[in-house]
Amino acid sequence: MALEIGIVGLPNVGKSTLFNALTRAQVPAANYPFCTIDPHVGTVPVPDERLRVLAEIVRPERVIPAVVRFTDIAGLVAGASRGEGLGNRFLAHIREVDAIAHVVRCFEDPDIAHVAGRIDPLADIETIETELLLADLQTVEQALERAARAAKTGRPEALARLRVCEKLLQALGEGHPARSVVLSDEERAIARELFLLTAKPVVFVANLREQDRSSNPWLARVQAHAERQGAPCVALCAAVEEELARLEEDERDDFLAALGLEEPGLHRLVRAGYALLGLLTFFTAGPEEVRAWTVRRGARAPEAAGVIHSDFEKGFIRAETIAYEDFVRYRGEAGAREAGRLRLEGRDYVVQEGDVMRFRFNV
């Protein structure tokens, strides 16, 4: 399961610079709107210190991290929901991602133009959120018309669809995103079919200058807005992150130390994305490879097996499971087994963060 995050924001807020840092790709980041016309997609590893620890114990041939896909989506502008600034194409790209990283400009720079001619992060956020909301309003209004016609048959599924559309339309009409609407599991399944933009979870990325990290007048406003929405906010300097990405590992550590940072901001962004979608990591560890896998929180053992291969899920027998802490404490599978810390888990076992697992299955 690869998490896909779409990077959105107004033109010239640092989206492509952030994407370059994430993927070490050379996406054009020129100083003019719409320099990114087609979405660029990059797959990046999820930083996880536990992989290194497991590899030191197991000594595998290779180490494979979990991955996240990032899509660099061209800058939206006011009127995007009506097709302004190639908006229709880019709104369609947003529909395809799992979550949104909303990049907000929190820095002054006379050499980098702002489409509105001023720095006002909350106004920028409102512009993007309004366009996404207006696009969703159009989608729900059309769906409501279809649902109302179908509901005349009296069929329960048609009536349920109508109720969901009515709830969504009321919230959107009041300026609230679709993700704020309280729905039952059945209703959520119906809502998912609409692929609403404002239903997607959001992480706000405050892009600031490194020298303003400790005293940025705009950052607190963005953080407060994110808190009101129940969304995470990650503050970083995209230009510094891009520079970090070009360095070798030993040089990177020295650079971080010079800046007084413990880790790149990108690591915090990836972790925020994981938490946003309710994902967790489990591991497999053997002489051929140590590997991190991603599964939704609450998944049972057969579903985790299916992430590795569909045949594992179909023929699932049991999962030999060791908590990460026990695997490390007893220096591997043999030590954990001897200490009685290896558990045989069945189909109903709910996978826990950091589980080291081996699956038994019928072919």
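Turning our attention to the side chain of Thr-284. Inspection of the secondary structure puts Thr-284 in strand 8 (residues 279-285). Reaching out from Thr-284, the side chain makes a polar contact with the side chain of Trp-293 at a distance of 3.0 Å. Once residues within four sequence positions are removed from consideration, Thr-284 is found in contact with Glu-289, Val-290, Arg-291, Trp-293, Ile-308 and Met-357.

Contact geometry of helix 5 (residues 156-173) with helix 6 (residues 185-192) gives a least axis separation of 10 Å together with a crossing angle of 75 degrees. In terms of orientation, helix 5 lies roughly perpendicular with respect to helix 6. Contact residues: Ala-160, Arg-161, Val-164, Lys-167 and Leu-168 in helix 5; Glu-186, Glu-187, Ile-190 and Ala-191 in helix 6.

Close reading of the predicted structure is inappropriate where its pLDDT is low. Per-residue confidence for the chain averages 87 on the pLDDT scale, and 89% of its residues sit at or above 70. Under a pLDDT of 50 for its full length, residues 25-37 has, in the predicted model, 36 contacts with residues more than four places off or in other chains.

Across the interface, helix 4 (residues 121-151) lies against helix 5 with an axial gap of 9 Å and an inter-helix angle of 150 degrees. The orientation of helix 4 with respect to helix 5, classified from their angle, is roughly antiparallel. The chirality of how helix 4 crosses helix 5 is left-handed. Contact residues: Leu-133, Asp-136, Leu-137, Val-140, Glu-141, Ala-143, Leu-144, Ala-147, Ala-148, Ala-150 and Ala-151 in helix 4; Ala-158, Leu-159, Arg-161, Leu-162, Cys-165, Glu-166, Leu-168, Leu-169, Leu-172 and Gly-173 in helix 5. Among the residues making up the contact of helix 4 with helix 5, the classes are represented as 16 nonpolar, one polar and four charged.

Conventions and cut-offs
- Residues numbered from 1 in each chain as written.
- Predicted model: local features only at pLDDT ≥ 70, side-chain atom pairs only at ≥ 80, totals over all residues.
- Heavy atoms only, no water.
- Helix = DSSP H or I, 4+ residues; strand = E, 2+ residues; numbered from the N terminus.
- Polar contact = N/O pair within 3.5 Å; in protein donor to acceptor, adjacent residues only side chain to side chain.
- Contact = heavy atoms within 4.5 Å.
- Axes fitted to C-alpha atoms, helices over the stretch in contact; angles between N-to-C directions.
- Parallel < 35°, antiparallel > 145°, perpendicular 65-115°, else oblique.
- pLDDT = per-residue confidence, 0-100.
- Left-handed = near helix turned anticlockwise from the far one by under 90°.
- Nonpolar A, V, L, I, M, F, W, Y, C, P; charged D, E, K, R; others polar.

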